[in-house]
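Geometric and topological summary
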Amino acid sequence: MSFAEIIRPYDERHDVYLTLQQGFFSKGSKRADKNVQVDVEILGDDDNTIRKCIKPGIGEDNISSYTSLVHYHLSAPVFNETIKIEIPPKVMKTARVRFNFYHKSTIISSKLGKSEPFAVCHLRLMKNDDTAIADGLHELYVYNHKDMAKHPRRLAGLPDVVTGSLSGPVEFLHLRDTFSVTTRICSTKLTQDAGLHGLLNWHSNQGRLKDILKGVQSVSGNEIVKFMADTFNALFAIIEEKGEMYGEPVFEALVLIIGLLVVEKYENFRPVLDTYCEQHFSAASIHLFLVKRMKYVFEQVMIMDNTKRECDPQTISRTMKAAEFLFKFVMRSRYLYDQATQGKGNEQFVHNLQDLLRVTCNMMAKECPEGELVAPKAQAQAMQFLPQIFNLLLTTITVKSLSQIVADFLLNIKETKLRVYKSVFLAAVVSSELFAHKESRGIILPSILRHLQYHISQRDDVLARDDSLEKSLDILGNIIANLHAQPPASREDNVRVLVKEMLSVLLECFSELSRGKDKLHPKMGLCVANLMALTELMTPDHYLWLRKSFEIKEDLEEFVQTTFHTYSEIISFTQLYSYDWSFLKLQHNYVMLSAIKQLSRMLVEEFLGDSDTTTSVFFNSNLWDRFFMLAVDFCSQPSLQMENLTELQRNRVIDHYGDMIVTVSTLMLEKWRVLGNFQSRFIPGLIGPFLKVSLLPHPVLRKATIPVFFDMMEYEWKFKKNFHLMEIEMIDKLDLYVSEGMGDQTYRDLLQKMLTEKCKGHPMAEGGGTKFIESLAELLRRLLDYRAVPRGDEYRDLHMHVVFNLLNFYKSIGREEIYLRYIYRLAELHKASNNWVEAAFTLLLHAQLLQWSSSMLKAEGPYKRQSATDRKMALYNDIISYFKNGKLWECGIEQCKEIASQLESVTFDYEKLSQIHKTISGFYSSIIHEVRAEPIYFRVGFYGGFPPFFKNKVFIFRGHEFEKLQDFNARISASFPAAKFLKKLEAPGFDIIESQEQFIQSCCVEPLPESTLVKRFEGKQVKDEITRFYHTNHVKQFVLKRPFHHGKKDKANEYKTLHIEKTIYTTEYQFPGILRWFAVTDTDVNVINPVENGADLIQENIAQLQIIMNRVKADRQNTNPLTMKLNGTLDAAVQGGVANFDVFFTHEYLSEHPDYKVSIPRLKKLMEELGRICSDCVDLHREVCPEKMKALHERMEELLQQYLSKYGSNPYDPNPYLDVDLNEKRKRRLSSSRRREVIRNRPSSGSFERAQTVSGNSPIMERKTIEEEPPPVPEHRNRSQTDVHSLTSSSSNPSLQKNNDSSHDYDEPPPKLPTKQRRSSVTQSPTPPNVPVRATPPPVTGQNNDNPPTIPLRKINSRTPSGSPNRSRPTSFSSSGEGLEDGPRPPPRVTSVRRHGLERSTSSQGSRESLDQLDNTSPSGSGRTSPQKDSSDVNQQRSVKDLIEVMGGNDGGNTVPPPLPKKMNKQYSFQLKNGAPTDDSNT
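What this report covers is the structure whose coordinates are included nearby. What you see is a predicted model, and the numbers here were worked out from it, not measured in a lab.

This next bit is on the nonpolar core. If you look at the biggest cluster of nonpolar residues, it comprises 300 residues, and the most contacted ones within it are Phe232, Phe329 and Ile479. Beyond its immediate stretch of four places on either side in the chain, Ile479 contacts Val430, Phe435, Leu445, Ile448, Leu449, Leu452 and Leu498. Judged by nonpolar contacts, the second largest core, of 42 residues, contains Ile1098, Ala1139, Leu1170 and Cys1174.

Structure follows, in structure tokens:
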């Protein structure tokens, strides 16, 4: 129902669309509204129906009459039915449409004939002025059909469309009825505009032609595009026939119509207008008229006074808008004219045309006063149309002439005016065919570059510059692309102009855009693209010409330095290129490489001078330094690293571009060697750049670069005799570059090898050169370890370790700045892991470096810039807070005291002093009252494929609170998920040590307290809460005890052959410290003989009794611990107690083991000491014993007298009691009466020597000699001298060969125990042989220097099956902490008697005390054979046990109580909840 988007000239179409809209019909005489139906027909000039002219729809045949739908009982039916009327234009002039309205009844009857319409109306399709009816809605008059039937032809003379006034008779109208229709005419034959109709028929209306031309101004564009060809033909005909008379109005009408067609609404019709101009235009004589009129209008533009202008400003604007097509009509008219006249008068036309163009150029030079609007608008329109006619003008005007006109046009344009239109004009000129000509390009290019240079380098208007900059860079890019498409010979001069005018401008533009590095400027990509494209155009001749173009050398120097800096910045801005723009990156690098080669030649030829001296007026260190930095940046680009490419990609890159890294690095090294004596100016400045290049994973590059470092070392040694500056720079840059992922182990080895080889024979090798090289290699090793640790919470401990290694290295070389950096890094790791104690000790390293001074310190870590005093105070406050979080109040007190001293004596800040004293008070209170878990320590060995800093090394770990071995192993497994745990504490073999798999060996160890810290509490009644801290803290020695039997085990008394392998590990640093683990630096392995073992057990029991006695003296309310411990010591009913050690005094035992004699005096002295301490405990128990415990107390007094009578301070002879053969003793037991008789007959006084006369000369008689003379030192055993192999094969030791036959009995299970005892027994675990031992003589005095931890005689269940010292044997270690590969090992043990892995309760003070008792139990033996007792003794003993059960059990003793009844179990559980002592086996 409408035209297509484009109506081509002479397209024919004539269609009329009519739509029935709606009507309003009254009821008339009917009760209800009518059922209205409309009948449509087309009538001719004789009122006859035109047949077959109505098309009801697409695909339907034409009909003569159209009948609408019937609307049932509606007074205002809406139809919306459209029909198409197809009649010729000539018939349409007299045709009209008639509408008949029928009422259709719902009654169907054959008697009813055809009904008559009740109303009728009509519509004329043409107006009286021969124009078609306007499109739109038309409301029609409705007439009464009955009245019209009387006068059939009367309807044709009545009005059809409702207007303001009715001109016809009213008696025929249905005044209350209305009807409306819509028409739409799509016709290229009939116009609906009267003005256009008059123009198209101007021949018949020449008398009013002037009015017709003025009336064209009111014609709509829709009508013009339908009759475009006819309209232009009419106008051009008027010009040809009536041009002199109607020249001005017809020109105005022409530019008006063209102006209507060039607006955006009719943009699709521009090709139609071009088609008309090329194919249908036929006016051959109008070109002179149009040139004359256009020149006249352009000249009017230059008149800035509107009062003096003869031309209407609106006409000027329309002419400038239509100028493009006016020129096209001119050129087409001239072409037709030349064809008709064979080119007559062409020179004159060309001259006139050039005059018109020069007027246009002059128009651009006019300065417009403020407020002038006509001229600027005309200038902008001129820049729009001129490029569009270049191709037309070239058909008449020569290239050179037109190029000069365009150049003049550009020169007349002001730089500051019309930015947008000027950019469009410049872009159009560059893309035109005129610019493609070599001759014209040389003329126009300088004028274009003048404007581009201004817009790219301007600084005044930033907002406007953003748009103009982008457009200017686009235009410049098009120019460079155009030159790339030209042959090299034809573009030579153009490239020179570009380089001269634009190269520096582009460099400055990039420098300005790159100032804000936080955000990449959106125009930077365009700038870089233009710079690279222009550089690619340059040949060596251009660089030579550019070099000569700088008359002042400083300008050339500035240009070269700016170029180097720009290239470095381009390389650094990686976000300029998308990830997949690999080809573009390579291409730009190749372009920069060619430029670097040419510019580096300028460096040597222009800016080096005499390299034999160190002074030159032309030498600029900054320029050369910028060159070397550019070379380093170029080689370090990730896109050029060949190892990141596949083999196919690598080969393709090398084929196209070569190895650009090798090329640039070679160039850099060449220039370094050329410097000669000037090299001294770049040390140490160039150490970092050369180091960065050498770290690249390129073997050839590394070998070529590393010798440069030797040159620098040589220079440092020559002039300074040290490497201090070079060391500082190398270490700083290595720390930076390796942390960023550069370097590897191969580089470390190559660096050390090459520098060492060059140092050989050089004087500086002895002067610190070798040491400096080794220091670099060590730093690289630690940095590579640091980088190798994966990031993640599960690897945080490993990260701490490598940071610790680096921290120690930087401390050793005095690099405080880097040292502090790693201190804060380690502290942050500790805080993230809640290692508050370690974080405090880490920060303490920094605090100890500071003085209480006012010197200002720079910001470091979380601390801002402040004075040294404020920094130290802030550090101490954080340290104290961390110690408080870690419950290490003792260490926090030390820092508080130092702060208090400063506040009290220096700053006199008493307010803060009061606060710090409150903190100290709180810490002291926390030590006494708050519960804290004692740290547990673990020995861990890492073997096999671990990182170098862990591989085949042993560490002591400080566990977390209440952490068990299995939990600790799980935590270690998180860091090393692929590691396997060794199930035995054997020294790993070579296959494990050198394996690629990872193996871990772990077990618990006990700390050995520092003797100096513990001795200060001797002889003083100090609370256990105070002393206990120093048993597990401030320690660096740890002991691992492993029992084994040497010789055949005596099932009746296993202590006869029970040896203890005591391994003492010494760590590098003290616990707690800045790590939770430290490496073992020394391992001392000793074997304790059975006598010394017994002495140690008694000594530990004495210490436990002393502790309990001190507790009871301080708190006399809770006596149960003293009762249980004292009773367990004096009446060890299950394991025999001290009586197990009587065998050590027999002549038979000492003759078999003469080396044990040296330990007998200590054992005897400790037995006496145990009697004295038991006597003091019994006296104290007598004072505090409740009434209901009196019977038990009397029993303990009786047992004490028996002990003192046997082991008291008076010498005695044990043989009357133990004179029977031990083998016979197993067969024949002494009766209880015989036992009492022997005791009764034992001498109660006399010298020790006299008491020995019963059994002869006993070895104990040597006591005086032993006391008077130094004890004999047993033969020191090494690994080849150990007695291990004597157990399984022949040995050189005759004293042990008699036990060879029984060597296989060491691994047999322990003897079955009674039910009570079996509950606490341990299972056997085989232990490996060949553990080296180092025997040391035990001290004779009562105080054990080794201070071994408690080893209870009562057997206790092993806590863990894997890694426990009770089920596997320790690894044999050298003094460095590493496992030994081979060698003899100590004999395997059968049963572990060492307490291990007991959980410690912290619920109450009483429970901790009971656990301490379990940790330090008194000796009692299970292998002792007790004499028979009579019934009275048995009853008496049972009554004592019942009394113990009533009091809550004998938890502190060594006897295992019988099972409790259910009622007693409930009572015992109640005691546990209320802090009563508990038995470790039950917990």
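Text resumes after the structure shown.
Attention now moves to the sheet that holds strand 2 (residues 36-43). Within the open sheet, the 5 strands sit side by side as 4-2-6-7-9. Their pairing is antiparallel. Whereas interior strands pair on both sides, the edge strands pair on one side only; in this sheet they are strand 4 (65-67) and strand 9 (143-144). Two elements, strand 2 and strand 6 (residues 96-103), share 8 bridges in a ladder whose sense is antiparallel. Paired with Val40 across the strands is Phe99, a residue of strand 6.

For the rest of this paragraph, the subject is the pairing of strand 10 (residues 178-187). Of all 10 residues in strand 10, 7 are buried, a share of seventy percent or more. Bridge analysis of strand 1 (residues 14-24) against strand 10 gives 10 bridges, and the strand direction is antiparallel. Residue Leu20 lies in a different strand from strand 10, and its bridge partner there is Val181. Across 5 bridges, strand 8 (residues 136-140) lies against strand 10 in antiparallel orientation. In the strand pairing of strand 10, Leu140 is matched with Phe179.

What follows covers the packing of helix 20 (residues 524-537) against helix 23 (residues 582-606). The contact between helix 20 and helix 23 brings their axes to 9 Å, and the two run at 55 degrees. Taken together, the axes of helix 20 and helix 23 lie oblique to each other. At the point where helix 20 passes helix 23, the crossing takes the left-handed sense. From helix 20, Val528, Met532, Thr535 and Glu536 reach across to helix 23, where they touch Gln587, His588, Val591, Met592 and Ala595. In the contact of helix 20 with helix 23, the residues fall into 5 nonpolar, 3 polar and 1 charged.

In this section: the pairing of strand 19 (residues 1077-1088). For strand 19, a buried count of 9 out of 12 residues is recorded, marking the element as mostly surrounded by other parts of the structure. As defined by bridge partners, strand 14 (residues 953-958) adjoins strand 19 across 3 bridges and the pair is classed as antiparallel. By the bridge assignment for strand 19, Ile956 is matched with Phe1078. Relative to strand 19, strand 18 (residues 1058-1071) runs antiparallel, the two sharing 8 bridges. By the bridge assignment for strand 19, Ile1064 is matched with Asp1084.

This brings us to helix 30 (residues 745-759). The terminal C-alpha atoms of helix 30, which comprises 15 residues, lie 21 Å apart, in line with the 21 Å expected from a rise of 1.5 Å per residue. By the burial criterion, the buried members of helix 30 are Tyr747, Arg748, Leu750, Leu751, Met754, Leu755 and Cys759. Where helix 30 is buried, its residues touch helix 27 (687-694), helix 28 (699-720) and helix 31 (763-788). Between the side-chain oxygen of the N-cap and the backbone nitrogen of Thr746 there are 3.3 Å, and the N-cap of helix 30 in question is Asp744.

What counts and how
Residues numbered from 1 in each chain as written. Predicted model: local features only at pLDDT ≥ 70, side-chain atom pairs only at ≥ 80, totals over all residues. Heavy atoms only, no water. Core = buried A, V, L, I, M, F, W, Y, C linked by side-chain atoms within 4.5 Å. Buried < 20%, exposed > 50% of the residue type's maximum accessible area, 1.4 Å probe, protein only. Contact = heavy atoms within 4.5 Å. Pairing = 2+ DSSP bridges. Helix = DSSP H or I, 4+ residues; strand = E, 2+ residues; numbered from the N terminus. Axes fitted to C-alpha atoms, helices over the stretch in contact; angles between N-to-C directions. Parallel < 35°, antiparallel > 145°, perpendicular 65-115°, else oblique. Left-handed = near helix turned anticlockwise from the far one by under 90°. Nonpolar A, V, L, I, M, F, W, Y, C, P; charged D, E, K, R; others polar. Expected span 1.5 Å × (residues − 1). Polar contact = N/O pair within 3.5 Å; in protein donor to acceptor, adjacent residues only side chain to side chain.

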